[in-house]
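If you want the building blocks of each chain, they are given just below.
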Amino acid sequence: MTEPVDATQEQGTSLWQDAWWRLRRNTLAVLSACLLLVMALACIAGPWLSPYGYEEQNLLLGAAPPSAVHWLGTDGFGRDLLTRILYGGRISLMVGLIATGVALCIGVTWGAVAGYCGGRIDAVLMRIVDILYALPFMIFVVLLMVVFGRNLLLLFFALGAVEWLTMARIMRGQVQALTQQEFVEAALSLGLSQRVILFRHLVPNALGPLIVYTTLTIPSVMLLEAFISFIGLGIQPPQSSWGSLIADGVETMEEYPWLLIYPGLALSVTLFALNFLGDGLRDALDVRAAKD
Amino acid sequence: MTLLDVRQLRVSFHTRNGVVQAVDDVSFAVSQGRTLGIVGESGSGKSVCCYALLGLIPMPPGRLDGGQALFDGRNLLTLPPAELRRVRGNEIAMIFQDPMTCLNPFLTVGEQMMEPLLYHRGASRLQARERALALLEEVGIREPQRSIDAYPHQFSGGMRQRVMIAMALIAEPRLLIADEPTTALDVTVQQQILQLIADLRERRNLALIFISHDLGVVSALADDVLVMQRGRAVEQGPATQLFAAPRSDYTRQLLAAIPRGAKTAPSLAQPQALLEVRGLTVEFRSQQGTLRAVDDVSFDLQRGEVLGLVGESGSGKSSLGRSLLGLVRAGGSVRYAGEELLGKSSAQWRPWRRRMQMIFQDPYASLNPRMTIFDTLAEPLLWHGLADRSTVERSVLALMDDVGLARAHVRKYPHEFSGGQRQRIAIGRALATKPEFVVADEPVSALDVTIQKQILELLQQLVARHGLSMLFISHDLAVVRSLCDRVLVLRRGRLVEQAATERLWAAPEADYTRQLLAAAAPAL
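Residues numbered from 1 in each chain as written. Chains lettered and ligands numbered in written order. Predicted model: local features only at pLDDT ≥ 70, side-chain atom pairs only at ≥ 80, totals over all residues. Heavy atoms only, no water.

> Could you clarify how one ought to interpret the overall build of chain B in this entry?
Each helix and strand in chain B was counted, giving 20 helices and 20 strands. In terms of overall dimensions, chain B is globule-like: its C-alpha atoms have a radius of gyration of 25 Å, near the 24 Å expected for 524 residues. If you line up chain B on its principal axes, its C-alpha atoms span 70 × 50 × 45 Å. When each of the 524 residues of chain B is scored for burial, the buried share is 54%. Pairs at least 24 apart in sequence give 68% of the contacts found in chain B among residues at least 6 apart. For chain B, the exposed area adds up to about 22400 Å²; of that, 48% sits on carbon and sulfur atoms. Mean positive and mean negative side-chain charge positions of chain B (60 and 55 charges, respectively) differ by 4 Å. (Helix = DSSP H or I, 4+ residues; strand = E, 2+ residues; numbered from the N terminus. Rg over C-alpha atoms; globule rule 2.2 N^0.38 Å. Buried < 20%, exposed > 50% of the residue type's maximum accessible area, 1.4 Å probe, protein only. Contact = heavy atoms within 4.5 Å. Areas by Shrake-Rupley, 256 points an atom, 1.4 Å probe, with all protein chains shown as cover. Lys, Arg positive; Asp, Glu negative; His and termini not counted. Charge placed at Lys NZ, Arg CZ, Asp CG, Glu CD.)

Here's what the structure looks like:
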C-alpha cells in the first residue's frame, strides 16, 4: 500500500514490530545476535585479510603453539589455524544457513498444504513424512555421500532433506489450528482463492514458532555437518570446516591441544549464541506475552 | 454478622505499557446468609478484587497497594501463604465460569471431590466417599452412585457446573465466591443453576459473592450490589433500591443498555422471498457416527427482513447459518434470488460471495492479526474489483465512516482496538462488497452490554441504510426480540416453531419455545 498516508492517520504497531521491540530488550539475545554477526563478518572477511592462505603449508614450522605471528598457532603442516577456522566457519555457517533454508522452503509449503487441505491430501503428505522420519537418516546421508561422492552441494541438499520433516509437522499443526479461526472463514466467505488464503492469511500467522525452530535447526545442521566431516565423509582437506578441524584436532589432542580447543570454541560459542537467540525469539514472538 | 469486610482495597498491574489501577479504593462487606453481587463490564476489576483476597493474583505484574480484608477478624491480605491456603478452600471456596478448565480431566469426579477430605481432614476413604455422594445428591446430580465414578467430560455443561459447586462445598466453606458461574450456560440451564445456588445459600447460611456482567442475573440473587467501572466502585447499596432508583449515571447506562421490549423500528420486509430454504440438512461424520446438526429445515426469508434464529448451544444454529453461505456442506435446497446455491463448485460460488456475507461472533478471532484495518477492508474491495489502487483508500475510509470508526485508525492493527471497535471492523469487512444478505452469527454475545447496545443500533441503521436482509443468530432472546421481524426456533437441529416476533412472545405454540421464554424472562 504505497499511497501517501494522510498526516492525521496514526500508525499502528504490527505484531512483528511488537516482537522486535521485545527482542531488543532481551540483552542476552541481542548480545548473541551481535556475536553471530561479528562471527559471520569475520568468517567472510577474515580469510581475505589474513596474510596466510588456508592451504598454505609451512612444513618447517610444523605445529606451533599460539604466538604473535600465528595468533592461534598452526597445525601439523604449519597452516595458520586462525585462517583455517575462519575459512571453516564460512563452510559451517553456509551449511547451516543453506540447509536450513532448503528445509524451511520444503517444510513450510508441505506442512501448509497438508494442514490446509486436510482429508486425503493431508493423510498422504503426512504419511510420506512419517515414512521418511522412520528412515535412519544418518545412514541416508552417509549413503548419499558414498554413492555420489563428497560434494558440498550434495551435503547442503542432504542435510536440508533431513531437517524439513519437523518443519512440515510444525507448520501443519499451526495451519490446522488457524484454519479453525473465524478470520479464515471470513476470508472464505469473501470468496478469496485458496492460494490467497493460504499465503496471505495462514502462513504469516503460522511463522512465529517456525522462526524459533529455524534458529534451533541451524545449530543442529551445523552439528550434523561437523559430525559427517568428523567421520570423514564431509569436507576434506585442504578445505576445512569446524567439524573437520575438530576431527583433526582430536587426533593430536595430547601433543597440540590448541588444534582442538580453538575450533571447538568457535563451534560452541556459535551454537550457544544461536540457541540464546532462538530463546529470545521464542519469548518475543509468544502470542500470549504479546497480549499483556 | 459481617463475615468479610474489605476496606479500601487497591490493586494495580504494572506492565510495560504502564500502570493499570485494576482496583482503586473499593470497600465492601458481606454477612452470612447474604449475597453481594458485584457487577461490571470486562476490565472493570470485578474479578480482581475477589482474587486479590485469596492471593490468586500473579505478582508481578500485580501489586497490592493497600487496604485490608478482614475475614472473621483476620486480615487476609497479610496472612502468610500457608495460612491463606488453609483459608482458601476450607473457609472460602470459589466457582468459576468454565467448569471444564477447573476439573482435572484425568480424575473421576469422586476422586477430586474426596481429595480435600482425605488430605486435609484425615477422613477415611469410606467417609469421604459418603460425603461426596451426599453432596452430589444435594446439588441435584442424577444417580450420584454412578456419576461419582464418571470423568468430567462425561457430564454436560450444566451438570459439570453442579459438580463444581459440590466440590466447592465439600469442605463446608462459609463464604462462596461465584465468578460468572452461569455465563457459559444456556438460558434454561442457567435458571436451574441460579436456583441451586440460591437454595444452597439458604440451607447452609452461606455468605455469597456473586460476580457477573449480567444485571438481570444479579438482580435475581443479590441482597446488596456493588457496581464497578474501571476499578472504582461507582455505586453500592441494597439491590432493590439500586435497581429501582440508580444514583450514578453509569448504573443508569447499564440498565438502559439491557435489551428489552419489542422492536421499535418498522419492519422493512418486502413480500418477495430472497432466500428459500427447503429440507436443509447438515451432517457431520466422525468415527463415533453421523451427527445430524441440521435436520430437514425449511423457511423463507423476505427481502429486507431481519430474521432471528434462536436456539441453545448445540442446536445447529451456527451450522445452519454457515451452510447458507456454503461454508459447510449441506443437503436439501437453498434458492437465493431464484438460483439454487447448493452443489455449486467454489468457482461457481464466487460471484455469489459478493452478495452474501457473514459477521462472526468473536471479534478477536475473526480479524487477521497481522493485517492493518486498511488491508482488511481493502482486500474484499480489490479482490472483487470494486475499487482499484487509486480509489481504494477513499472506499476504505467511506466504509469506516459507515460503521462508525474514526478514520485516523486506518493504519492500526486489530490488537490495538477494543472488542466493540473490532466488531465494527468485522462488520465493515462484511459490508465492503455491498451484499444484500448478511448472516450475523451471535455478533454481540462476546461484547459488554453497553457496547452490545451500540453494535445492535449500528446493525439496525445499516439494515435500513443499505436495505439489507439479515439472518440474525443468537441465544439471547431479548436481543432477538429487539431486532428481528420474525423468529425461527431451533432445537437439536429441527425447526420447532417460526412466527412473527411479537406473536411468538405473545402466544408461543411449542412447549420448548414456552420454556425458553420463561427462562429468559428478565428478573428486573
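> How should the sheet that holds strand β13 (residues 306-310) of chain B be read in this particular structure?
Each strand in a sheet pairs with its neighbour through backbone hydrogen bonds, running either in the same direction (parallel) or in the opposite one (antiparallel). Residue and element names in this part refer to chain B. Pairing within the open sheet is mixed, and its 6 strands lie in the order β16-β17-β18-β13-β19-β20. Two strands lie at the open edges of the sheet, namely β16 (356-359) and β20 (494-500), each paired on one side alone. Strand-to-strand twist across the sheet, computed as the mean angle between neighbouring axes with direction ignored, equals 15 degrees. Of the strand pairs in this sheet, β13 and strand β19 (residues 486-491) are connected by 4 bridges, and their pairing is parallel. The residue bridging Leu 307 from the neighbouring strand is Arg 486, located in β19. (Pairing = 2+ DSSP bridges. Axes fitted to C-alpha atoms, helices over the stretch in contact; angles between N-to-C directions.)

> Can you walk me through empty space enclosed by the protein in this structure?
Vacant regions in the atomic arrangement are exposed by a probe of water-molecule size rolled over the atoms. For the coordinates displayed, the defined rule picks out 2 cavities of 30 Å³ or more. Space inside the largest cavity adds up to approximately 60 Å³. If you trace the largest cavity, you find it lined by A:Phe183, A:Ala186, A:Ala187, A:Leu190, A:His201, B:Asn368, B:Met371, B:Thr376, B:Glu379 and B:Arg429. Of all the secondary-structure elements, those providing two or more residues to the lining of the largest cavity are α7 (182-189) of chain A together with α14 (373-383) of chain B. For the lining of the largest cavity, the element with the most residues is α7(A), which contributes 3 residues. (1 Å grid on protein atoms, 1.4 Å probe; cavity = no way out; pocket = protein on both sides within 12 Å on 5 of 7 lines; lining within 4 Å. Points joined across faces, edges and corners; volume = space filled by probe spheres on them.)

> I'm lost on the nonpolar core in this one. Help?
Inside soluble globular proteins, nonpolar side chains tend to come together where they are buried. All names here are of chain B. With 55 residues, the main nonpolar core has Ile 95, Met 113, Leu 136, Ile 165, Ile 197, Phe 210 and Val 225 as its most contacted residues. Sorting elements by how many residues they give to this core places helix α7 (residues 157-169) first, with 7 residues. Residue assignment places this core across two domains, with domain 1 (2-91 + 173-255) and domain 2 (103-172) each supplying three or more. Ignoring any residue separated from it by four or fewer positions in sequence, one finds Met 113 in contact with Ala 132, Leu 135, Leu 136, Ala 166, Met 167 and Ile 170. Within the second largest apolar cluster, 53 residues are counted, among which are Ala 387, Leu 405, Phe 417 and Ala 499. (Core = buried A, V, L, I, M, F, W, Y, C linked by side-chain atoms within 4.5 Å. Domains from an automatic or database assignment.)

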